[in-house]
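Commentary on secondary and tertiary structure
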Amino acid sequence: MLKENLKNVQKKIAAACEKVGRNPEEVCLIAVSKTKPLENIETLMEEGQMEYGENYVQELCAKYEQVSRPVHWHMIGHLQRNKVKYIIDKTVLIHSVDSVALARQIEKEAAKKDIVADILIQVNIAEEETKFGLSGQEVSSMVMEISSLPHVHIRGLMTSAPFVENPEENRCYFKKLHELFVDIREKNIDNVDMDILSMGMTNDYEIAIEEGATMVRVGTGIFGERNYNK
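Here's what I pulled together on the structure shown here. In this text, all values refer to a predicted model and were calculated from it rather than measured experimentally.

Applying the stated rule across the entire model yields one aromatic pair. Where Tyr52 meets Trp73, the ring centres are 6.0 Å apart and the plane angle is 45°; that geometry is what we call tilted. Of the two residues, Tyr52 sits in strand 2 (residues 51–54) while Trp73 sits in strand 3 (residues 72–75), which places them 21 residues apart along the sequence. Trp73 shares its class with Tyr52; the two are buried. Geometry around Tyr64 places Lys90 over its ring, the cationic atom sitting 5.4 Å from the centre.

Here we take up helix 7 (residues 171–185). An α-helix turns once per 3.6 residues; consequently, residues spaced three or four apart project the same way. Here helix 7 contains 15 residues, and its C-alpha end-to-end distance of 21 Å stays within 8% of the 21 Å for a straight helix at 1.5 Å per residue. Considered for burial, the residues of helix 7 that qualify are Arg171, Phe174, Leu177, Leu180, Phe181, Val182 and Ile184. Along its buried surface, helix 7 packs onto helix 6 (136–146), strand 6 (152–158), strand 7 (192–198) and helix 8 (205–210).

This part covers the side chain of Gln122. Within the secondary structure, Gln122 is located in strand 5 (residues 117–122). What makes Gln122 buried here is its relative accessible area of 9%.

The subject of this paragraph is unusual backbone geometry. Phi is mostly negative for residues that are not glycine, and the peptide bonds are mostly trans. Unlike most non-glycine residues, Asn188 shows phi in positive territory, near 50°. In this fold, Asn188 is placed in the loop between helix 7 and strand 7. Of note in this structure, Asn191 is not a glycine but carries a positive phi near 65°. Since its relative accessible area comes to 29%, Asn191 is described here as partly exposed.

About the thresholds
Residues numbered from 1 in each chain as written. Predicted model: local features only at pLDDT ≥ 70, side-chain atom pairs only at ≥ 80, totals over all residues. Heavy atoms only, no water. Phe/Tyr/Trp six-rings, centres within 6.5 Å; stacked < 30°, edge-to-face > 60°. Helix = DSSP H or I, 4+ residues; strand = E, 2+ residues; numbered from the N terminus. Buried < 20%, exposed > 50% of the residue type's maximum accessible area, 1.4 Å probe, protein only. Lys NZ or Arg CZ within 6 Å of the ring centre and 35° of its normal. Expected span 1.5 Å × (residues − 1). Contact = heavy atoms within 4.5 Å.

The values are spatial; any link to function lies outside them.
See the structure below:
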C-alpha cells in the first residue's frame, strides 16, 4: 500500500507539472514521516524515496540513529532554540526558521561543527493566528539580516497554507508566496540562493506545484492517517 501511495503521489506531481509546462524533476517530494514507524521509511527507501520530513527533534534524532542507511532528513516543524544543537548536523534543510534569534542559534551551533546550515524562512502567508511564521511584509528585512551569518545559508521560503476543503482556495496564497520568492531572488543578496520554495501538502500540493513549488511535503497521502494517541 505504501509503495502504491508513493507512486500515486509521484504521478500526480508529474501531471501537475505537465499541466503548467514544468519538468517534474524540478519538484522534490518530502515524505512527511512524523509519528510513523521506521519500517515505513525502510519500505519507501526500496522505491528510491530518500527525502523525509520530521516535525519533532526527538523523533528525527531517533530515526537518524536507527535507519539502515543514510537518507535526507528535513526539519519541517517548529524548532525551539534549545533543540538546534541536536539536529544541526543531521538535517539537510531546516524549513521552519521564523526569527533572527533562531537563525543566530543555528549560526552558533553550525559554527561549532564547522558546517553551513541550509535553511528556509517560514512565512505565514495567510496570516493565520494559530501558525508560526513571518508575515509577507517582514520577510525581506529578515532575509537581509540573516544573510550576514556565515554558517547559515538561506535557500528559499516555506509556508503551510490553511487546511481547506477545496484546495483551489489556497491558490492565492501560493501565488503570493511565489511572487515574494521571485522578488527576493531578483535582489541577488549575498549568501542567499532563492532556489527552494517549499509549499503544498497532501491536500493541496498539486495546486502548489502549478504555482511554482519546488518542494512539496506529503504525509497522509503516502503514509495514511496518523494516530496521535499511540
